[in-house]
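# Working through the structure, step by step
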Amino acid sequence: MCTRVVWPDANGSVLVGRNMDFHKDLMTNLWKQPRGVTRDDGVDGELTWTSRYGSVIATAFDIISVDGLNEAGLGGHVLWLAESTYGERDTSRPALSQAMWLQYFLDNFATVTEAVNWVAETNVQVMQMPDPTGGVPPALHLALDDANGDSAIIEYIDGHPNVYHSRDYRVMTNSPTYDQQIELLTRWAGLGGEDPLPGDTLAEHRFARAAYYARRLPQPDSQLEAIAGMFSLVRNVAQPFRIPDPGKPDASQTIWQVVLDLTNKRYVYESTTRPNIVWVDLADLDFGEDSPQLKVDLTGKLSLEGGIAGNIGSQFEDAGPMVFLSLQALEQLGAQGADIRHR
């Protein structure tokens, strides 16, 4: 479960807010990824590239990028979609593993339109990966947004991408698929219908509340007010800590939330389990081709007592390059998989 919202007219800036909802700690850290990094698709190595743009990414277990912003102002966000079906490998098409999916777009594109055109031209296949922690294999869809206020949602059904591309597609949650979400939205008061605005945590109801309040955000007088306004919205659609409902042992709760200023290139992160707010301005980082990949150890440095807070641009450290999980690596994971499961 997750929610993502775009605010395209925040007094001249484009802001995006996102909740990460999950049933366990993802051990999320922030990484700086420079230009000039050579990667492959994480499937069979047929698709390779060298990153054109540097980025700041939020990771899960330091093996997959789940959220991020590149230096051109393109943002990306991975969310859960249970209806996703990826199909068997079709070797006539390029492929990306789920772990590399978001990173490919952040590495290569400056705008949503560029990314969407590439998907249309290639019919790229995304390959589902087993969960190395022993959970349910991820079923994901991807949101992209840029500093022009553009937006797209990419979902895989029957092995092929369904792309919903419009500046009007500001909100994204989870099930059902996006076309059905748009239809369901019109039944609520203030959004075209007469039913009272719902208040629970169902995906379609979070979608409605986010859409409703996104239309009613007051214009900010500063970047600080804009970021605070977006945080107020995503907190409204956050999932509280709670015991599992009957028959739903993996109840998701909001474990962190971020606000991205795509115009001014600021990435703001707030943990709900280690509650300090931190941010990084991309202008403060060196994304040059000869610069190293750097990491902020949020899991270690965020705490109630003496933890980091505020601008953390100086907190990025060299921990060696990030190793994205690949399908080949999963086949050889063995004891490492057990280690991940017990983190």
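Reading the values: rules and limits
- Sequence order sets the numbering: in each chain, residues are counted from 1 along the sequence as written.
- Where totals are concerned, whole chains, interfaces and linings use all residues; where local detail is concerned, this predicted model gives features only for residues with pLDDT of at least 70, and gives and counts side-chain atom pairs only at 80 or more.
- Excluded from the side-chain calculation are hydrogens and water; included are all heavy atoms of the structure.
- Put simply, a nonpolar core is a bunch of buried Ala, Val, Leu, Ile, Met, Phe, Trp, Tyr and Cys residues held in one set by side-chain atoms that sit within 4.5 Å of each other.
- Categorising residues by exposure relies on relative accessible area from a 1.4 Å probe, with only protein chains included: less than 20% of the type maximum marks a residue as buried, more than 50% marks it as exposed, and the intermediate range marks it as partly exposed.
- What counts as a helix is a DSSP run of H or I of at least four residues, what counts as a strand is a run of E of at least two, and both are numbered from the N terminus.
- Note on definitions: a residue-residue contact is assigned when non-hydrogen atoms from the two residues lie within 4.5 Å.
- Strands were regarded as paired on the criterion that DSSP finds at least two bridges between them.
- Only C-alpha atoms enter the line fits that serve as axes; for helices the fit covers just the stretch in contact. Angles between N-to-C directions range over 0 to 180 degrees.
- The directions from the helix axis to the C-beta atoms form the arc being described.
- pLDDT is defined as a per-residue confidence score from the predictor, taking values between 0 and 100.

Ranked by size, the top nonpolar core spans 72 residues in total, and within it Leu15, Leu30, Trp256, Tyr267, Tyr269 and Leu298 carry the most contacts. At 6 residues, helix H5 (residues 223-236) tops the list of elements feeding residues into this core. When residues no more than four places from it in sequence are discounted, the contact partners of Leu298 are Thr28, Asn29, Leu30, Tyr269, Arg274, Val278, Ile308 and Ile312. Ranked by size, the runner-up nonpolar core spans 30 residues in total, among them Leu74, Phe109, Val119 and Phe324.

For the rest of this paragraph, the subject is the pairing of strand S11 (residues 140-145). With 6 of 6 residues buried, S11 lies mostly within the body of the structure. What you see with S11 is no split at all: Leu140, Leu142 and Leu144 on one side and His141, Ala143 and Asp145 on the other are buried throughout. Relative to S11, strand S8 (residues 75-80) runs antiparallel, the two sharing 6 bridges. The residue of S11 that forms the bridge with Gly75 is Asp145. Hairpin connection, S11 to strand S12 (residues 151-157): the antiparallel pair is bridged by 5 residues, and Gly149 has positive phi, about 90°.

To continue, consider the sheet that holds strand S1 (residues 2-10). Read across the sheet, 7 strands follow the order S14-S1-S2-S15-S16-S17-S19 without closing on themselves; strand pairing throughout is mixed. In the strand order of this sheet, the two ends are held by strand S14 (171-172) and strand S19 (310-311), each with one partner. Bridge analysis of strand S16 (residues 266-271) against strand S17 (residues 277-281) gives 5 bridges, and the strand direction is antiparallel. Among the inter-strand pairings, Tyr269 is bridged to a residue of S17, identified as Val278. Of the strands in this sheet, S1, strand S2 (13-22) and S14 are in contact with helix H4 (residues 203-214), which crosses S1 at around 15°.

The next subject is helix H2 (residues 112-122). Among all positions of H2, only Val112, Ala115, Val116, Trp118 and Val119 are buried. In a view along the axis of H2, the buried residues occupy a sector of 155°, so they form one face of it. Among the exposed residues of H2, those oriented more than 90 degrees off its buried face are Ala120 and Glu121. The secondary structure elements touched by the buried residues of H2 are strand S9 (95-97), helix H1 (98-108), S11, S12 and strand S13 (160-165). Within two residues after H2, Asn123 carries a phi angle of roughly 50°, on the positive side.

Now for the confidence of the model for the chain. For the chain, the average pLDDT comes to 91, and 94% of its residues sit at 70 or higher. For residues 335-343, every residue scores under 50 in pLDDT, and the model assigns this stretch 10 contacts once sequence neighbours within four places are set aside.

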